[in-house]
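Observations on the model geometry
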Amino acid sequence: MQPEVSSSPIDRLRKLRESSLGSFVPVLLALAAIWLYFGLALPLWEYWTDPDATGLRFIFLSPRNIYNLFMQSAVIATLAVGITVVLLLGEIDLSAAATAGVCAALLGVLVLAGVPGWAACLLVMAAGVVLGLAQGLLIAYVGIPSFVVTLAGLLGYQGLMQKILPTGNLNIGDPFVRAIARILIPDIWGLLLAGLLVLAMAALALRRQAERKARGLELETATTLWGQVAFFAIIVFTAVLTMNAYRSVPLLIVLLAGVTAIIGWVTTSTPFGRSIFAVGGNAESARRVGMDVKRIRAVAFGIVGLLAAIGGIFGASRYGSVSYTAFAGGSLLLESIGAAVIGGTSLFGGRGSVWNAILGALVIGSLGNGLDLTGASAADKLMFSGAILLLAVAIDALSRPAGTSAR
Amino acid sequence: MSSKELKKVGPEAPPPHLRVTGIQKRFGGVHALKGVDFEVARGEVMALVGDNGAGKSTLMKILAGALVCDGGDFFIDDSPVAINTPHDAAALGIQIVYQDLALCENLDVAANLSLGAEPVKSGWRFLPKLLRPLDDLEMEVRAKAAIDRLRVRTLNSVRAKVGGLSGGQRQAIAIARAVGAECSVVMLDEPTAALGVAQTRQVLDVVKRLRDTDHAVVYISHNMRDIFEVSDRICVLRHGANVATWKTSETTADEIVVAMTAGLDNGTNNAA
Ligand SMILES: Nc1ncnc2c1ncn2[C@@H]1O[C@H](COP(=O)(O)OP(=O)(O)OP(=O)(O)O)[C@@H](O)[C@H]1O
Ligand SMILES: [Mg+2]
């Protein structure tokens, strides 16, 4: 490949999005912009314009608020990770939030009936897989577009949730379920865990580099290599230190990171994940090299179902209750699809990452949280979220390689 | 030379490695292949020619397992085989360069070269094959070897996304994918369509090298010069049916063009 000299802004954007770290940049910039606005610009503005202000109050960037922000975004993030998997295929899932609702309701009913918490969680996760897989089978083997099937799923599962929860609300007191959101990792363990992760990442990167050298492959430049490690270290340590400054790292966040790591590993580092990207990039090519495109599609929807169930469990644990509006009836669906897309996962398939979905969820969460703090109305929040989503999709459309728009 | 039989190469034809007979294929109302016979031997280049829509690509896709035919028999070294999936074809040692290349633009060169046959790290036996860790370094090594063998000098990195490559570079990758695999039959569907003069040369050299290494090669092209340079036999299809097969040394480009466009029925051929 000749080094290309063309560098219109759009070309540069495209280049940026192609590199491995680069795909994080737009969403990180969005996050930084939102945090700077709510965290610094607004407080300063208030301080200067309000004569009786007693001092600067950085509410948004306080550890307490950031902690809450993480917890608030956790359910959105879990669903967004799942939705990312089907977006990679070029499909969409509109039923994820309703599935999460059904699973949370089921969880409530099960623990109320005396099923031990851990067993109820497992059952509910199985139920989520079944709900997702059922749609996946219709999409893959009957050939109905995913938009239609999951729209039907959205309606059907909303109804199902109301059937399970006729009152629309149920408190969950089960200690196991509540523990997921309540247990805090002791400060020192959180730091230790973060340190170990960073060390492991650095060791893996170095070993890879050594293997590359041994096999005579092109090497990563030192900047990329250490840049990646430093980037990872900064993110992990800032997150842990901030949460420690208020309370400690909650188990919920560790579980979310763990689940995302597993899905991330499956999508990027296994033959199955490779086939997801291949189908998303060119389904006919994937079929012609012998990939079972139908099975891949069906399984992907099963994965969304599983993550929706996990999201349902997280939500039930955090709120201590299950309500119709918190899941199926509320804005959860659009927020999680928005999170996945804002994270930079293409709606056209074949490009994206589950880690970006987490950052996307933080963007959505920060926006909601920040607007709440400034006393904005629900109407403002909706309009802001819409604008951000539109911006994200516009970036996606512009940074798509030229000539693939026909797909 | 009035009967079709005479056009067949005759007793001195090499024993076919891959042979198919009576291949039928319908797309809805279109009868794309009407009982086509085709064969190719090891160590020979069989050119497959015909006008646009003659059914060349369809026949190749059937041989590669990408399409399932509606009728017909397949033989490898005279024993009957079944080709229903791409895996069947790959297991029989059949590789193909598709006319549309069939690459994934969102993946890099190395990933495209091992698409569908990704190497996984050893160990990890407790995981199902589809969930074992990819050996992406091995992928890169193989990709580099395949690209080097093709001598594609314009391609610097096997980690470049295919979406950012030129048409010729993509074609080179599609060819590298086919010839990089363990195989006995290589089918190239218009492999030089997007190539410059120098790259076309390289592809023709690759085709000759494949013949010299005792592969059975099928070469589809509309370029008569290339065909006469590289092929040993020429099989002509017209409207989804065989016209005839010639030895390249015993025919001329004019004769082939007439056969492609008018067939043999109207007697023009006799004048040749
Ligand atoms: N997927 C399909 N669906 C419907 N019809 C098809 C399909 N593929 C091929 N055909 C039809 O089958 C016939 C043979 O097509 P094919 O692609 O095999 O021609 P070809 O000989 O490769 O032509 P070309 O030289 O243009 O590549 C054509 O009439 C075409 O319209
Ligand atoms: Mg063709």
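Refer to the structure printed above.
Overview of the structure. (Residues numbered from 1 in each chain as written. Chains lettered and ligands numbered in written order. Predicted model: local features only at pLDDT ≥ 70, side-chain atom pairs only at ≥ 80, totals over all residues. Heavy atoms only, no water.)

Helix and strand content of chain A: 16 helices and four strands. Across the 407 residues of chain A, 48% fall into the buried class. Across chain A, every contact between residues at least 6 apart in sequence was considered, and the portion connecting residues at least 24 apart equals 78%. Roughly 18,400 Å² of accessible area belongs to chain A as shown, and the carbon and sulfur atoms make up 70% of that amount. With 26 positive and 19 negative side-chain charges, chain A shows a spacing of 7 Å between the two charge centroids. (Helix = DSSP H or I, 4+ residues; strand = E, 2+ residues; numbered from the N terminus. Buried < 20%, exposed > 50% of the residue type's maximum accessible area, 1.4 Å probe, protein only. Contact = heavy atoms within 4.5 Å. Areas by Shrake-Rupley, 256 points an atom, 1.4 Å probe, with all protein chains shown as cover. Lys, Arg positive; Asp, Glu negative; His and termini not counted. Charge placed at Lys NZ, Arg CZ, Asp CG, Glu CD.)

What follows covers the packing of helix α8 (residues 187-214) of chain A against helix α5 (residues 136-150) of chain B. Contact geometry of α8 of chain A with α5 of chain B gives a least axis separation of 11 Å together with a crossing angle of 25°. As judged from the angle between their axes, α8 of chain A and α5 of chain B are roughly parallel. Relative to α5 of chain B, the crossing made by α8 of chain A is right-handed. Taken together, the residues of α5 of chain B that come into contact with α8 of chain A (itself represented by Arg208, Glu211 and Arg212 of chain A) are Asp136, Leu137 and Glu140 of chain B. A per-class count over the contact of α8 of chain A with α5 of chain B returns one nonpolar, no polar and five charged. (Axes fitted to C-alpha atoms, helices over the stretch in contact; angles between N-to-C directions. Parallel < 35°, antiparallel > 145°, perpendicular 65-115°, else oblique. Left-handed = near helix turned anticlockwise from the far one by under 90°. Nonpolar A, V, L, I, M, F, W, Y, C, P; charged D, E, K, R; others polar.)

For the rest of this paragraph, the subject is the packing of aromatic side chains. Residue and element names in this part refer to chain A. According to the stated counting rule, one finds six aromatic pairs over all chains in the structure shown. Here the aromatic rings of Phe38 and Phe60 are separated by 5.7 Å at their centres, their planes lie at 35°, and the arrangement is tilted. Of the two residues, Phe38 sits in helix α2 (residues 25-49) while Phe60 sits in the loop between α2 and α3 (63-88), which places them 22 residues apart along the sequence. Look at Phe38 and you get buried, because its relative accessible area is 7%. The class for Phe60 is buried, based on a relative accessible area of 2%. (Phe/Tyr/Trp six-rings, centres within 6.5 Å; stacked < 30°, edge-to-face > 60°.)

In many reports, interface size means the accessible area that the parts give up when they come together. Residue-level contacts link 33 residues of chain A with 44 residues of chain B. Between chain A and chain B, the buried area comes to about 3,300 Å², and carbon and sulfur atoms account for 54% of it. Residue Arg215 of chain A is joined to Glu138 of chain B by a salt bridge in which the shortest nitrogen-to-oxygen separation is 3.2 Å. Linking chain A to chain B there are 14 residue pairs in polar contact (both at pLDDT 80 or more). (Buried area = accessible area lost by both parts, 1.4 Å probe. Salt bridge = Lys/Arg side-chain N within 4 Å of Asp/Glu carboxyl O. Polar contact = N/O pair within 3.5 Å; in protein donor to acceptor, adjacent residues only side chain to side chain.)

All names here are of chain B. Surrounding the magnesium ion (ligand 2) are the protein donor atoms Ser57 (OG) and Gln99 (OE1), at 1.9 to 2.1 Å. In this pair, Ser57 is assigned in helix α2 (residues 56-63) and Gln99 in the loop between β6 (94-97) and α4 (109-113), connecting sequence segments 42 residues apart. Here Gln99 falls in the partly exposed class, since its relative accessible area comes to 39%. (Donors = N, O, S within 2.8 Å, 3.2 Å for Na, K, Ca; no water.)

So, on to the pattern of salt bridges. Summed over the entire model, instances satisfying the criterion amount to 17 salt bridges over all chains. We note a salt bridge from Asp136 of chain B to Arg208 of chain A, for which the minimum N-O separation is 3.3 Å. Residue Asp136 of chain B is found in helix α5, and its partner Arg208 of chain A is found in helix α8; the two belong to separate chains. For Arg208 of chain A, a relative accessible area of 31% corresponds to the partly exposed category. With its nearest N and O atoms 2.8 Å apart, the salt bridge here joins Glu229 of chain B to Lys208 of chain B. Taken together, the positions of Glu229 of chain B in helix α8 (residues 224-230) and Lys208 of chain B in helix α7 (residues 197-212) put the pair 21 residues apart, joining distant regions of the chain.

Our focus in this paragraph is the environment of Phe237 of chain A. All names here are of chain A. Along the chain, Phe237 turns up in helix α9 (residues 222-246). On the basis of relative accessible area, Phe237 is assigned to the partly exposed category, the value being 29%. Separated by 43 residues in sequence, Phe237 and Ala194 place their C-alpha atoms 6.4 Å apart. Other than its neighbours up to four places away in sequence, Phe237 contacts Leu191, Ala194, Gly195 and Val198.

All names here are of chain B. As a matter of local geometry, ligand 1 sits amid 14 residues, with Asn52, Gly53, Lys56, Ser57 and Thr58 nearest to it. Interatomic distance of 2.9 Å between a side-chain N/O atom of His222 and an oxygen atom of ligand 1. Alone, ligand 1 offers 630 Å² of accessible surface; in the complex the protein occludes 63% of this. Elements that contribute at least two residues to the shell around ligand 1 include exactly β2 (30-40) and α2. Per-element accounting of the shell around ligand 1 gives the leading share, three residues, to α2. (Near = heavy atom within 4 Å.)

Turning to helix α5 (residues 117-142) of chain A, a few remarks are in order. Residue and element names in this part refer to chain A. Here α5 is 26 residues long and its end C-alpha atoms lie 37 Å apart, about the 38 Å a rise of 1.5 Å per residue gives. Residues of α5 that are buried include every one of Gly117, Ala119, Ala120, Cys121, Val124, Gly128, Leu131, Gly132, Gln135, Gly136, Ile139 and Ala140, and no others. Contact partners of the buried residues in α5: α4 (96-112), α6 (146-164), α7 (175-182) and α13 (293-319). At the C-terminal side of α5, Gly143 shows a positive phi close to 85°. (Expected span 1.5 Å × (residues − 1).)

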